[in-house]
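Residue-level listing of the chains:
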Amino acid sequence: MSQTRRTSETSETYGRLVDLLVDRFEVDRAEVAPDTRFEDLDMDSLFLVELLLVIQSEFKVDIGEDAATPGDTVAAVAALIEGRRPLASPGAGAASAAGDRA
């Protein structure tokens, strides 16, 4: 488990998640660390639903609205994102095929 946490803390996913919190949700970057819990940032479960929907869209992963709680850390959510399967894109096959022909 500590290996997963260590990977998440320094991963591209973790960095993108922090950027998302700062840019889209106006969180002070200085307040965010891998072990920061969402409740430490005064974020409740309603905020997390919105965040998880944005994560699903931005990271293109299949993640439920109840996948995280205010007591979860930023690193734990980054690890959660990394462990999720990508969303299937309905037009992905067609776009790929069209790109191959071009």
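Before reading further, recall that the structure is shown in the block above.
Everything numeric here is computed off the predicted structure, so don't read it as measured data.

Colleague: An account of the overall build of the protein chain is requested, with residue identities and associated values reported.
Modeller: Secondary structure summary: the protein chain contains five helices and zero strands in total. In the protein chain, the succession of α and β elements from N to C terminus is α-α-α-α-α. Here the protein chain holds 102 residues, and the buried ones make up 32% of them. Counted over contacts in the protein chain with a minimum sequence separation of 6, partners at least 24 positions apart contribute 61%. As displayed, the protein chain offers around 6,400 Å² of accessible surface, 48% of which is attributable to carbon and sulfur atoms.

Colleague: I'd like to hear about the nonpolar core, residue by residue, with values.
Modeller: By size, the foremost hydrophobic cluster in this structure holds 27 residues, and its most contacted members are L17, F38, L51 and I55. Apart from the residues within four sequence positions on either side, L17 is in contact with I55, F59, V74, V77, A78 and I81.

Colleague: Lay out the environment of A33 with the relevant residues and their values.
Modeller: Take A33: it is sitting in the loop between α2 (12-25) and α3 (45-59). Given the relative accessible area of 25%, A33 is considered partly exposed. Sequence-wise, A33 and Y14 are 19 residues apart; in three dimensions their C-alpha atoms are separated by 9.8 Å. Beyond its immediate stretch of four places on either side in the chain, A33 contacts Y14 and V74.

Colleague: Summarise the packing of aromatic side chains; cite the residues concerned and give the values.
Modeller: If you walk through the whole model with that rule in mind, you get one aromatic pair. Here F25 and F47 contribute two aromatic rings whose centre-to-centre distance is 5.0 Å and whose plane-to-plane angle is 80°, an arrangement assigned as edge-to-face. A residue pair is termed long-range when its members are at least 10 positions apart, and F25 in helix α2 and F47 in helix α3 qualify at 22 residues. Neither F25 nor F47 differs from the other in exposure class; each is buried. One residue, R16, lies across the ring of F59, its end atom 4.2 Å from the ring centre.

Thresholds applied
Residues numbered from 1 in each chain as written. Predicted model: local features only at pLDDT ≥ 70, side-chain atom pairs only at ≥ 80, totals over all residues. Heavy atoms only, no water. Helix = DSSP H or I, 4+ residues; strand = E, 2+ residues; numbered from the N terminus. Buried < 20%, exposed > 50% of the residue type's maximum accessible area, 1.4 Å probe, protein only. Contact = heavy atoms within 4.5 Å. Areas by Shrake-Rupley, 256 points an atom, 1.4 Å probe, with all protein chains shown as cover. Core = buried A, V, L, I, M, F, W, Y, C linked by side-chain atoms within 4.5 Å. Phe/Tyr/Trp six-rings, centres within 6.5 Å; stacked < 30°, edge-to-face > 60°. Lys NZ or Arg CZ within 6 Å of the ring centre and 35° of its normal.

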